[in-house]
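Descriptive analysis of the structure
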Amino acid sequence: MSSTVFHRRCGKRITLTNGNRTAMRNVSEFNHGLVLSAEPLQDDVLFEVRIDEKIQAWSGSIEIGITTVNPESTELPPCAMKLRNTTWVMSGISVLNDGLLLVESYGLDLEKLGEGDRVGVQRTARGELVFYVNGEPQGVAARDIPRQVYALVNLYGKCVQVTITSGQLADLPGEYGACTSSEDVSASPQISQNIDLPMSVEMSVNGASATTNTTVVATATSSSSAITSCTEGTSDPSDKLRFHTRCGSLVKLSSNCRTAERRRPLDEFNNGVVMTHRPLWDNELFEIRIDRLVDKWSGSIEVGVTTHCPSALQFPATMTNLRSGTIMMSGCGILTNGKGTRREYGEFNLDELREGDRVGMMRKSNGNLHYYINGRDQGVAATRVAQTLWGVIDLYGMTIKVTIVDRDEREQRNLVTRRNHLLSMPAQIQELPLSSIPHTGTTANGSPSEADCVGSASTLLDRLLFHQMCGSHASVTHSGRTALRPNASDDFNNGVVLTRRPLRPNELFQVRLERVVTKWAGSIEMGVTTHSPTELDFPFTMTNVRTGTWMMTGNGVMHNGMTVIEQYGQNLDRLQVGDRVGVVRKDDGTLHFWVNGIDQGPAATNVPEKVYGVIDLYGQAAQASIVDTSECGTPDTGNST
C-alpha cells in the first residue's frame, strides 16, 4: 500500500532510502525533518514508524500526526508546528491542532522513547484520531477527523532516523474485535442503533416478554449479527477481565489495561468512561478498587452495564447520558437509560466511598443484575436484563483512578469492618500492649536481646533501617528501626515500608511484631522488591505491585501479585506479639523466609541481586521493629505455636 512509504517530497534535510520506507535527517540541523505518507491514510489502518537512531546534540525528539496537506502541492515548513491547514500532532505528552494546544497531557512521553521504540497514528472509521506507542493505543486524541488525511512524522531534535514498520490492519491486542468491519461502518452510519434495545428493571431487554413499551428499532435484525461479531469467544477462564482500549477521551490505561485513570483530574470531571474488553459471563463478578480520589468535584464513580459494544460506541461525556441499553448505579440510586428507576438502592452511596473501597457487579444466570460494595451483595438492581452485557465504569467527578481486582475475602472483610467502625461510636480496641515485650536485657525465653547484640560503630552505621518514605498510613520511628501504623484502629492498609538499602546476599532481614489490633483480618506480610523506596508508587498493599516483587502473605507466596505457592511455611496471620519473621536472598538467587528462627524453605529462585526488604503492616499488624542478628546468630523462637 502506498501509505506505507514516505512521499518523495519531504523536508530539506531529509534523505529517503529503503524504497522510501526509511527517512534520515542531516544531523547538522535540528529541523527541516518533515516526512509525510505517500497516500492518504485508510480507515482503521495503523501507520507506524520505528526510531532507528537518536543523538544527544539537540533537545526535543520525534513528533507524529496527521494533516490534510497534500505533499505533492505544498512546500513543507521547517517543523510540524508551522503546518496550519488542519493538522494534528503529538509532541512530547501533548496533542496540538494547527499549532495550538488541544490535549495537555496525553499518553506516553515521546521524548523519552529510545532507539527501537515505535510510534504510530490511526484514523478510525468513526473519524477518531488515535496515537500508538510500541503497539499500545494511547486513547482517543481527537474526533471528527476529515476523511482524507496524510500521516506526518517530524524527525526533530534528537530523532534523526526512522523506518516505516506498518502496513497491516491494526490489531488491537486481545480485543474481541470491532462490531463490524470498516466497510460496514462506513456503509452504515446508524451502527449505534443496532443495539438500541430498550432496557428496564420492569421488562425484558430482549423483548420476549415485554409488558411495557418495547419498540425495537428497524435495524434489530442486523443487530444480531453485529453483536455476534463483537462477542465471539468462549468462556475461557484465562481470559481475565480488562478494560477495552476504546474508552473516554480523557482516559489513560495501564497495567495491561487493568487500571484506568482520568487525565487532567483538576481541570475536567467527565469523559472518563471505560468498559470491559468482553461481555460479562453469567455469575461473573466484575469488581474494581478505587485507587485515587480528588477533593474538588461533586459526584463520584458510577458503575453499571450496557448492551453497547465498545468497538462501536460513540463514548459519551458521562454514561448516564446514554438513552438505551444501559443500567448505571449513581450515588445511591439506579438509572436505566438515563432515567431514575430506583431512588434508594443498597446500603452504600457511591459518592461516599473512599480510596481502597471496592465496587462490583454481576449478571446472575437468572437474568438479575446485582451490585456489590466491598464484597457485600446489595441485592437485585434490575431483573430480566440482556444476556450480552459489557461492564462499565465512569470515572466521574472525584474518582480519577480504578483498578480491576480479583476477589479477596480478607480485604473485603476489613473494608466492611472499617465502614462499621466509622459508623459506630468509638469502641475499646483489642490490642496487645507494647509493654508486653522486653526491650532490654533478655527476650521472653532468655535469649540475648537486641541491645546485647550491638557491634562496633561501623556496624551500627551499616545496619538495616527502614526508609522514611513509606505507605500513607505508616510511620517510621526510632531512627529508622521501627515501623508502625499510628491509626491502626481506623485503617488496615497503606502500611508498606521498605529498607533504606538493598539486602546483601545471605543477609537476614528480620522484624519482630510488637503490636497487633485484633479487629482486622490478615496480618504482617514480608518480602523483597526490586523497586527502591524513592521510586515506588506506594500501593494499598504490596501484593498489588505487579513487577519485581516477592511476598509471603498468610502461608502462601506471591510473585508480582500472583500466587505461586499456596501452602508454604507457617501462617503469618497467626503470629503474635513478640514473634519474628525474616527473609533472606541467598547468593545463588533463592529466596527463603524465616519464622521465629526456622527456615521455611525455598520460596523463589532467580531473584535479582539488588532487592530491598519489604514489610506490609497489613490488617492486625500495627507495629514492628528490625532485629539485628549479625552478632546474635539464628533468631530465637517466639511466642506462636
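Residues numbered from 1 in each chain as written. Predicted model: local features only at pLDDT ≥ 70, side-chain atom pairs only at ≥ 80, totals over all residues. Heavy atoms only, no water.

**Digging into the sheet that holds strand β8 (residues 100-103)**
We apply this condition: Should DSSP find at least two bridges between two strands, the strands are taken to pair. Comment: elements are numbered from the N terminus, with helices defined as DSSP H or I runs of at least four residues and strands as E runs of at least two. Fitted lines through C-alpha atoms serve as axes, helices being fitted only where they are in contact, and the angles separating the N-to-C directions of these axes extend from 0 to 180 degrees.
The six strands lie next to each other as β3-β12-β5-β6-β7-β8, forming an open sheet whose pairing is antiparallel. Both edges of this open sheet fall to β3 (34-36) and β8, since each of them pairs with a single strand only. Ignoring which end each strand starts from, the neighbouring axes of this sheet average 25° apart. Two strands pair when backbone bridges link them, and strand β7 (residues 94-97) and β8 are joined in this way by three bridges, in the antiparallel orientation. The residue of β8 that forms the bridge with Val 95 is Val 103.

**Notes on the environment of Ala 38**
To be explicit about the condition: Summary of the burial criterion: residues with accessible area below 20% of their type's maximum are buried, those above 50% are exposed, and those between are partly exposed, where the area comes from a 1.4 Å probe applied to protein chains only.
Its location among the elements puts Ala 38 in the loop between β3 and β4 (47-54). Overall, the relative accessible area of 17% leaves Ala 38 in the buried class.

**Some words on unusual backbone geometry**
Backbone geometry at Asn 18 places phi at a positive 55°, although glycine is not the residue there. Position of Asn 18 relative to the elements: it lies in the loop between β1 (14-17) and β2 (22-25). For Asn 283, which is not glycine, the phi torsion reads 65° and is therefore positive. Structurally, Asn 283 is set in the loop between β16 (273-275) and β17 (286-293). The class for Asn 283 is partly exposed, based on a relative accessible area of 41%.

**What to know about the packing of aromatic side chains**
Centre distance and the angle of the planes are the two values used to describe a pair of aromatic rings. Note the following rule: Here a pair means two rings of Phe, Tyr or Trp (six-membered ring of Trp) with centres within 6.5 Å. Their orientation is stacked below 30 degrees between planes, edge-to-face above 60, and tilted elsewhere.
In the structure shown here, the tally under the stated rule is eleven aromatic pairs. Where Phe 269 meets Trp 297, the ring centres are 5.3 Å apart and the plane angle is 50°; that geometry is what we call tilted. Placement of the pair is Phe 269 in the loop between β15 (259-262) and β16 and Trp 297 in the loop between β17 and β18 (302-306), with a sequence separation of 28 residues. Geometrically, the ring pair formed by Phe 492 and Trp 520 is tilted, given 5.4 Å between the ring centres and 50° between the ring planes. Of this pair, Phe 492 sits in the loop between β29 (482-484) and β30 (496-502) while Trp 520 is found in the loop between β31 (508-516) and β32 (525-529), placing the two residues 28 residues apart along the sequence. Each of the two residues, Phe 492 as well as Trp 520, counts as buried. A network of ring pairs unites the aromatic residues Phe 269, Trp 297 and Tyr 396 as a single cluster.

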